[in-house]
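# A closer look at the structure
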Amino acid sequence: MIRRLSSYSPLVILPLATIVLTLSGCYNVPVTGRNSVSLVDDKDINAKAAAEFEQVKKMHKLSRNPAQIKIVNHIGSRLSKTVFWDVPLAEWEFVVFQAPTTLNAFAMPGGKVAVFSGLIDFCENEDQLASVIAHEIAHVAARHTHERFSQGMLLSPLGAATSIGVGGAISGVGVYMPSVGSAVGGVTTAATQLAFDRGKELEADHIGLMYMAKAGYDPREAMKLLEKMEEREASSGAVGPPGWMANHPGFPQRQIQLMELMPEAIKIYENGETGATHTIIE
Ligand SMILES: [Zn+2]
């Protein structure tokens, strides 16, 4: 007997629709090759993120320090050329927020990256700063935000349409350090804490390490920066916001992974054609 699709209950149709969408939205994450699912349209999410980024820019003081703006754009240009084929639809934009006490950076889908000036002051050289920007770019290339939205859609297909449109949920993704939520704005705190589980942070570290090496930056500086941040955190007694420990990998875990990946990254760096400039950041 042939039944019209509409005669089936939503309980039957929704899982079916989910399976169809799932099959059509599979992709491999660059570098790691992990299979993932995106049920959201690239152009759609990029447009929403771009609009959101304009709002975030209004919430912060843009840096007027020409040296800092120059170095961030220089690194951004080198890295975005390297990752071109992994993120062909990106319209890269790199901005510096004047926030001397904030050691952080974040990225949004479509290639919108912000770096807080405190992080630039903290980095000892261009390579260290490049390691953070590469980590942020890795979140974009791995489409971690798409994945987060898609997981929400799978869990709650009826609520999916609204969950993508929530602007506040987009901002602040791809944070390098967990404290950025409060710096970007209260609305983003929950999103930043919930969205990026340990696996995605570690994956961004992995991909970012290879990206920086490909762009000609010394991957060993990524490790040095993490060590420096760990020391700073230990000496200041800083503790992350509640819930942070549950979904963010600790320094030792990040360092162990970097150590394991370092020989491969050094090989890429040494075989690369572009040499790092090792600029001392002013
Ligand atoms: Zn991250």
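Here's a quick rundown of the structure. (Residues numbered from 1 in each chain as written. Predicted model: local features only at pLDDT ≥ 70, side-chain atom pairs only at ≥ 80, totals over all residues. Heavy atoms only, no water.)

### Notes on the pattern of salt bridges
Let me state the cut-off plainly: Salt bridge, as applied in this entry: a Lys or Arg side-chain nitrogen positioned within 4 Å of an Asp or Glu carboxyl oxygen. Where helices and strands are cited, they refer to DSSP runs of H or I of at least four residues and of E of at least two residues respectively, numbered from the N terminus. Think of it in three bands: with a 1.4 Å probe and only protein chains considered, a residue is buried below 20% of the maximum accessible area for its type, exposed above 50%, and partly exposed in between.
A full pass over the atoms with the stated rule returns eleven salt bridges. Its salt-bridge partner being E54, residue K57 comes within 3.1 Å of it at the nearest N-O pair. Taken together, the positions of K57 and E54, both in helix α2 (residues 42-59) and three residues apart, correspond to about one turn of that helix. We classify K57 as buried; its relative accessible area is 16%. With its nearest N and O atoms 2.9 Å apart, the salt bridge here joins D218 to R220. One network of salt bridges, with partners in common, ties together E54, K57, E93 and K112.

### A look at the packing of aromatic side chains
Note the following rule: Each Phe, Tyr or Trp ring (for Trp, its six-membered ring) is paired with any other whose centre lies within 6.5 Å, and the angle between the two planes then decides the class: stacked below 30 degrees, edge-to-face above 60, tilted in between. Should the NZ of a Lys or the CZ of an Arg lie within 6 Å of a ring centre and within 35 degrees of the ring normal, that charge is described as sitting over the ring.
Using the criterion set out here, one finds five aromatic pairs in the structure. Through a chain of ring-to-ring contacts, the aromatic side chains of F97, F106 and F116 assemble into a single cluster. Cation over ring: R143 sits above Y27, and NZ or CZ is 4.4 Å from the ring centre. Across from the ring centre of F122, 4.2 Å away, lies the NZ or CZ of K228, which sits over that ring.

### A few points about the packing of helix α11 (residues 220-236) against helix α13 (residues 251-271)
To be explicit about the condition: Axes here refer to lines fitted to C-alpha atoms; in helices the fit is confined to the stretch in contact. Angles between the N-to-C directions go from 0 to 180 degrees. For this classification, under 35 degrees means roughly parallel, over 145 means roughly antiparallel, 65 to 115 means roughly perpendicular, and everything else is oblique. In a left-handed crossing the near helix is turned counterclockwise from the far helix by less than a right angle, and in a right-handed crossing that turn is clockwise. Residues are treated as being in contact if the distance between any of their heavy atoms lies within 4.5 Å. Note on residue classes: Ala, Val, Leu, Ile, Met, Phe, Trp, Tyr, Cys and Pro are nonpolar, Asp, Glu, Lys and Arg are charged, and everything else, Gly too, is polar.
Relative orientation of the contacting elements α11 and α13 amounts to 160°, with a least axis distance of 8 Å. Taken together, the axis directions place α11 and α13 in an arrangement best described as roughly antiparallel. In terms of crossing hand, the pair formed by α11 and α13 is left-handed. Residues R220, A222, M223, L226, E227, M229, E230 and E233 of α11 form the contact with α13, whose own contacting residues are F251, P252, R254, Q255, L258, M259, M262, I266, Y269 and E270. Of the residues assigned to the contact of α11 with α13, the class counts are eleven nonpolar, one polar and six charged.

### Topic: the packing of helix α5 (residues 126-141) against helix α10 (residues 198-214)
Packing of α5 against α10 brings their axes to within 7 Å, and their N-to-C directions diverge by 120°. Judged on the interaxial angle alone, α10 and α5 are oblique. Crossing hand, α5 versus α10: right-handed. Mapping the contact onto sequence places D127, S131, A134, H135, I137, A138, H139 and A141 in α5 and K200, E201, A204, D205, I207, G208, Y211 and M212 in α10. Residues of the contact of α5 with α10, tallied by class, amount to eight nonpolar, four polar and four charged.

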